[in-house]
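Examination of the molecular architecture
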Amino acid sequence: MDPVIIPILVAAIVVVFLVAATVRIVPQARRYNIERFGRYRRTLQPGLNFVLPVADRVNTKLDVREQVYSSEPKPVITEDNLVVNIDTVLYYQITDPRAAAYEVANYLQAIDQLTVTTLRNVIGSMDLEGTLTSREEINARLRTVLDDATGKWGIRVNRVEIKAIDPPNTIKEAMEKQMRAERDKRAAILHAEGERQAKILTAEGTKQKDILEAQGTQQAMILRADGESKAVELVFQSVHRNNADPKVLAYKYLETLPHLAKSENNTFWVIPGELTEAVRTVTGAFGDRSTTGSPISAQREEAGGDDTRDDGGTRDDGGAPEVEADPTLALDAAAAADEAAKQAAVAVSDAKAEAEAAGEAPMPGRRTATGH
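Residues numbered from 1 in each chain as written. Predicted model: local features only at pLDDT ≥ 70, side-chain atom pairs only at ≥ 80, totals over all residues. Heavy atoms only, no water.

1. So, the overall build of the chain
The cut-off we apply is this: Helix numbering and strand numbering both begin at the N terminus, where a helix is a DSSP run of H or I of at least 4 residues and a strand a DSSP run of E of at least 2. A simple rule labels every residue: compare its accessible area, found with a 1.4 Å probe on the protein chains alone, to the largest value its type can have, and call it buried under 20%, exposed over 50%, or partly exposed in between. In what follows, a contact means two residues having at least one pair of non-hydrogen atoms within 4.5 Å. Here the accessible surface of atoms and residues is derived via Shrake-Rupley with a 1.4 Å probe, and residues count as covered only by protein chains that are part of the display.
Counting its secondary structure elements, the chain contains eleven helices and nine strands. Each of the 372 residues in the chain was classed as buried or not, and the buried ones make up 26%. Restricting to contacts in the chain with at least 6 residues of sequence separation, those with at least 24 account for 59%. In the form shown here, the chain has an accessible surface area of approximately 25,300 Å², with 56% of it arising from carbon and sulfur atoms.

2. A short note on the sheet that holds strand 2 (residues 30-36)
Pairing between sheet strands relies on hydrogen bonds along the backbone, with the strands arranged either parallel or antiparallel. Applied cut-off: A pair of strands counts as paired when DSSP detects no fewer than two bridges linking them. Only the contacting stretch of a helix is used when fitting its axis, a line to C-alpha atoms as for every element, and angles between N-to-C directions run 0 to 180 degrees.
In space, the three strands of this open sheet follow the order 3-2-5, with antiparallel pairing throughout. Bordering the open sheet on either side are strand 3 (39-44) and strand 5 (56-63), each of which pairs with just one other strand. Pairwise comparison of adjacent strand axes, ignoring direction, gives a mean angle of 25 degrees for this sheet. Bridge count between strand 2 and strand 5: seven bridges; the pairing is antiparallel. Its bridge partner being in strand 5, Asn33 is matched across the sheet by Thr60.

3. What to know about helix 5 (residues 135-150)
Our working definition: What a helix should span is 1.5 Å times the count of its residues minus one. To obtain the arc, one takes the directions from the helix axis to the C-beta atoms.
With 16 residues, helix 5 should reach 22 Å at 1.5 Å per residue; the first-to-last C-alpha distance of 22 Å fits that figure. For helix 5, the set of buried residues is Ile138, Asn139, Leu142, Leu146 and Thr150. Buried residues in helix 5, looked at end-on, bunch into an arc of 95 degrees, giving them a common side. Residues Glu136 and Asp148 are exposed on helix 5 and point more than 90 degrees away from its buried face. Against strand 8 (83-94), helix 3 (107-123), helix 4 (128-133) and strand 9 (155-166) lie the buried residues of helix 5.

4. Observations concerning the side chain of Thr78
Spelled out, the test is: What qualifies as a polar contact is a pair of N or O atoms within 3.5 Å, subject to a donor-acceptor requirement within protein and to the restriction that residues adjacent in sequence count only when both atoms come from side chains.
Structurally, Thr78 can be placed in the loop between strand 7 (74-77) and strand 8. Separated by 2.4 Å, the side chains of Thr78 and Asp80 make a polar contact. Not counting residues within four places of it along the chain, the set of residues in contact with Thr78 comprises Val84, Ile123, Gly124, Met126, Asp127, Leu128 and Thr131.

5. Some remarks on the packing of helix 3 against helix 5
Angle between the axes and distance between the axes are the two parameters that describe a pair of packed helices. How we decide: Relative orientations are named as follows: roughly parallel for angles under 35 degrees, roughly antiparallel for angles over 145 degrees, roughly perpendicular for angles from 65 to 115 degrees, and oblique for any other angle. The crossing is said to be left-handed when, going from far helix to near helix, the turn is anticlockwise and less than a right angle, and right-handed when the turn is clockwise. Each residue is assigned to one class: nonpolar for Ala, Val, Leu, Ile, Met, Phe, Trp, Tyr, Cys and Pro, charged for Asp, Glu, Lys and Arg, and polar for all the others, Gly among them.
Their axes nearest at 10 Å, the elements helix 3 and helix 5 cross at an angle of 140 degrees. One way to sum up the angle between helix 3 and helix 5 is to call them oblique. Read as a crossing pair, helix 3 and helix 5 show a hand that is right-handed. Each of Ile111, Leu114, Thr115, Thr118, Leu119, Val122 and Ile123 in helix 3 lies in contact with helix 5, whose residues at this interface are Ile138, Arg141, Leu142, Val145, Leu146, Ala149 and Thr150. Counted by class, the contact of helix 3 with helix 5 contains ten nonpolar, three polar and one charged residues.

6. Here's the deal with the environment of Tyr91
Within the element layout of this structure, Tyr91 appears in strand 8. Sequence spacing of Tyr91 and Arg156 is 65 residues, and the spatial spacing of their C-alpha atoms is 8.7 Å. When residues no more than four places from it in sequence are discounted, the contact partners of Tyr91 are Glu66, Gln67, Val68, Arg156, Val157, Asn158, Arg159 and Glu161.

7. Re a negative patch on the surface
Counted only if it meets this: Only residues above 30% relative accessible area that lack a salt bridge enter a patch, with like-charged residues linked at up to 9 Å and the nonpolar side chains Val, Leu, Ile, Met, Phe, Trp and Tyr linked at up to 5 Å. What makes a salt bridge here is a side-chain nitrogen of Lys or Arg within 4 Å of a carboxyl oxygen of Asp or Glu, nothing more. Charge assignment: positive for Lys and Arg, negative for Asp and Glu; neither His nor the chain ends contribute. For this purpose, a charge sits on NZ of Lys, CZ of Arg, CG of Asp or CD of Glu.
The grouping of Glu79, Asp80, Asp127 and Glu129 at the surface amounts to a negative patch. Under the relative-accessibility criterion, Glu129 is labelled exposed at 59%.

8. Digging into the pattern of salt bridges
In this structure the tally under the stated criterion is ten salt bridges. Close ionic contact of Glu35 with Arg57 constitutes a salt bridge, the shortest N to O distance being 3.0 Å. Placement of the pair is Glu35 in strand 2 and Arg57 in strand 5, with a sequence separation of 22 residues. Within the structure, one salt-bridge network assembled from shared partners comprises Arg30, Asp63 and Arg65.

9. Focus: the confidence of the model for the chain
Quick note on the threshold: One confidence number per residue, pLDDT, is output by the predictor and ranges from 0 to 100.
Looking at the chain, pLDDT values average 74 and 64% of them are 70 or higher. In this model, residues 288-334 is a region of pLDDT below 50 whose contacts with residues beyond four sequence positions or in other chains number 47 contacts. Taken together, the stretch residues 361-372 has pLDDT below 50 and engages in eight contacts with residues farther than four places along the chain or on a different chain.

10. Section: a nonpolar patch on the surface
A cluster of nonpolar side chains, namely Ile6, Val10, Val14, Phe17 and Leu18, defines an oily patch on the protein surface of about 440 Å² accessible area. Tracing the sequence through the fold places Phe17 in helix 1 (residues 5-22).

Written out as structure tokens, the structure reads:
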């Protein structure tokens, strides 16, 4: 081999080595710390970088992306002296590669130990129930403490989450019983509330029903009374318009009395005090022609008819006897009532006969259709 080629090869190998030692290619999201003769020189950024061969060397290679660190469950004592195992998840990011490499020897171990001590301080002031229901508060306090402590290490803690809280088995059983009792209590309360609401709605419906029925009855009674009032008014106007005489009124009065006695709700019948007056009216209108100046009695007297009796009583054409006043009416109430009933029956029969006779003959004192 030619002696000249050997030095050339050696020189080429040295150049290649120097170039390889001079050029450093840093990937994206990575940072390289460079030391020159054992002292920190600079941090290489992503891309193509040149260093001094032999003098410069890469000390640490760091990933500046957000990292996730899950710690092992740590025992923590609560305020009510219960030991619980708490597992946390830490989200952090390296913001200063130089501080992360030179300010702390192992930043993950330092963060883990700081998390445990902070958890014990925070949960030591809470009972078990507060620990289980205050995760957001514990996370916020952990993040505040860790962010302040890791800031000088070139690390930013973004989030701290409690992944699990495991109380002892005996506590778990007691909690399950308590939760079961709470569920039973809520179920009983909901059932009672449902029954209460149902009773309220039923009462409201019954009340509304009674109100509507009462309003309907009231309206019916008002309409019935209004109809009866109008009927009585029409009868009253008809009676006054036709100028009814005492005979017709007394006859209608006596004709109404039997209907009063036929009512289903009446167990006894009280004879009104006006009955004797009605009897006198009927007997005076149809029976005694001499005292009332009836044209029929006048014609009988002119014809020479002798129907007058010695005791002053008169008899009509049909031979019906006159209802006379009985002195027994002045006796006790029972005898007066019996006598009045008898006189009423006789008066009714006489009134009907006289009404039939009066319907066939023209009424005295009135003009006929021809004006006579």
